[in-house]
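# Breakdown of the fold
As a plain string of letters, each chain reads:
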Amino acid sequence: NLTSLHSHYDLYNLRLEHNRHHFQIDGLFLFSNFLLIIEVKHLIGKIMLNDANQLIQSKDTEEKVYDNPIMQAALQKEQLHSLLSELGYHSIPIHTLVVFTHKKVNLSIDHPDIITSQLLPFRLQKLSKDFPNHILTMDQLLTLGQELLALHSEKNLKLLQNTHIDLRNIRRGVFCPTCKPIVMKRTHGGWVCSKCNYKNRDCHIYALIDFIYLFGEFITNRQLRWFLLIDSEYTATRILKDLGLKAEG
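The sections below set out a description of the structure shown in this document. Please read all numbers here as calculations on a predicted model, not as lab measurements.

For the protein chain, the helix and strand inventory stands at 6 helices and 12 strands. When its C-alpha atoms are laid out on the principal axes, the protein chain stretches across 60 × 45 × 35 Å. In the protein chain, which comprises 249 residues, the share counted as buried stands at 39%. Within the protein chain, counting contacts between residues at least 6 apart in sequence, those at least 24 apart form 53% of the total. When the accessible surface of the protein chain is split by element, carbon and sulfur atoms take 51% of a total near 15,500 Å². In the protein chain, 28 positive and 25 negative side-chain charges are present, and the distance between their average locations comes to 9 Å.

With that settled, the discussion passes to the environment of Trp-191. In this structure, Trp-191 sits in strand β11 (residues 190-192). Taking the C-alpha atoms as reference points, Trp-191 and Asn-19, 172 residues apart in sequence, are found 42 Å from one another.

It is worth spelling out unusual backbone geometry at this point. A negative phi angle is the norm for most residues apart from glycine, just as the trans form is the norm for most peptide bonds. Non-glycine residue Asp-60 carries a positive phi angle of around 60°. Mapped onto the fold, Asp-60 is located in the loop between β5 (55-59) and β6 (62-66). With a phi angle near 65°, Asn-197 is a residue other than glycine that sits in the positive phi range. Structurally, Asn-197 can be placed in the loop between β11 and β12 (199-200).

A contiguous nonpolar surface patch, about 290 Å² in accessible area, is contributed by Ile-205, Tyr-206 and Ile-209. Tracing the chain through its elements places Ile-205 in helix α4 (residues 204-215). Assessed through its relative accessible area of 34%, Ile-205 is described here as partly exposed.

Ordered by their spatial adjacency, 4 strands build an open sheet running β6-β5-β4-β8, and the pairing between neighbours is mixed. Each of the sheet's edge strands pairs with one partner strand only, and the pair in question is β6 and β8 (105-107). Looking at each pair of strands side by side, their axes are set apart by 25° on average, direction ignored.

Counting 22 residues, the largest nonpolar core has Met-184, Trp-191 and Leu-228 as its most contacted members. Those elements that provide at least two residues to this core are α4, α5 (221-228) and α6 (233-243). Take this core: its biggest share by element is 4 residues, from α4. Once residues within four sequence positions are removed from consideration, Met-184 is found in contact with Val-174, Phe-175, Cys-176, Pro-177, Trp-191, Val-192, Cys-193, Tyr-198 and Cys-203. Counting residues in hydrophobic clusters, the runner-up holds 19 residues, among them Leu-14, Phe-23, Leu-28 and Tyr-89.

What counts and how
Residues numbered from 1 in each chain as written. Predicted model: local features only at pLDDT ≥ 70, side-chain atom pairs only at ≥ 80, totals over all residues. Heavy atoms only, no water. Helix = DSSP H or I, 4+ residues; strand = E, 2+ residues; numbered from the N terminus. Buried < 20%, exposed > 50% of the residue type's maximum accessible area, 1.4 Å probe, protein only. Contact = heavy atoms within 4.5 Å. Areas by Shrake-Rupley, 256 points an atom, 1.4 Å probe, with all protein chains shown as cover. Lys, Arg positive; Asp, Glu negative; His and termini not counted. Charge placed at Lys NZ, Arg CZ, Asp CG, Glu CD. Patch = residues over 30% accessible without salt bridge, like charges linked within 9 Å, V, L, I, M, F, W, Y side chains within 5 Å. Salt bridge = Lys/Arg side-chain N within 4 Å of Asp/Glu carboxyl O. Pairing = 2+ DSSP bridges. Axes fitted to C-alpha atoms, helices over the stretch in contact; angles between N-to-C directions. Core = buried A, V, L, I, M, F, W, Y, C linked by side-chain atoms within 4.5 Å.

Structure below.
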């Protein structure tokens, strides 16, 4: 729990530009004694590093290869350091952590900065002792956070609603974030993956964001049922009401 440390400010999915290139940070936490970059991974199965320093995910009989997240976080740290220097912040230490959040992950990596989410509070306590000197006041932290938020820019995605779309090519449903493209099933008040049993009540939001990019910002009850693969008109109505959207007609 990050609140176990002194007061801080949290910035999520921060997308910044430096040297004409953008970089994105999953989580940036501003403490008075150091800044913390957290690279989040939501993977299931056995996770290890091979001899080439690549991240290997073994799940069932399948293996997937990913970039080393420590190297990803290190690059973010280097870019953030350079950006902070341009803003006049020259002596703020930055630490990086890679945090695996899935409850069924089997993390087979012996590295102090590659951890599961359960170990995060204890790692933070250790980091607080590693950086004992308070460099910024709370007012300075707030100012820094505001400066970084002012530099944040959303990724410019090309909308597709003005082009001809063959509906037969649209992959509908709510995809499991772990087993994608496995489609989740609607249960009482949420969604569940039949493969990994991941449960979440709000996964349809990501599918509806895709709907916006494909078809625009208006949706009917019938369209929602078609896109999310829902049979019940009542369930679709409840989802729309819970989103708090403006309704017409």
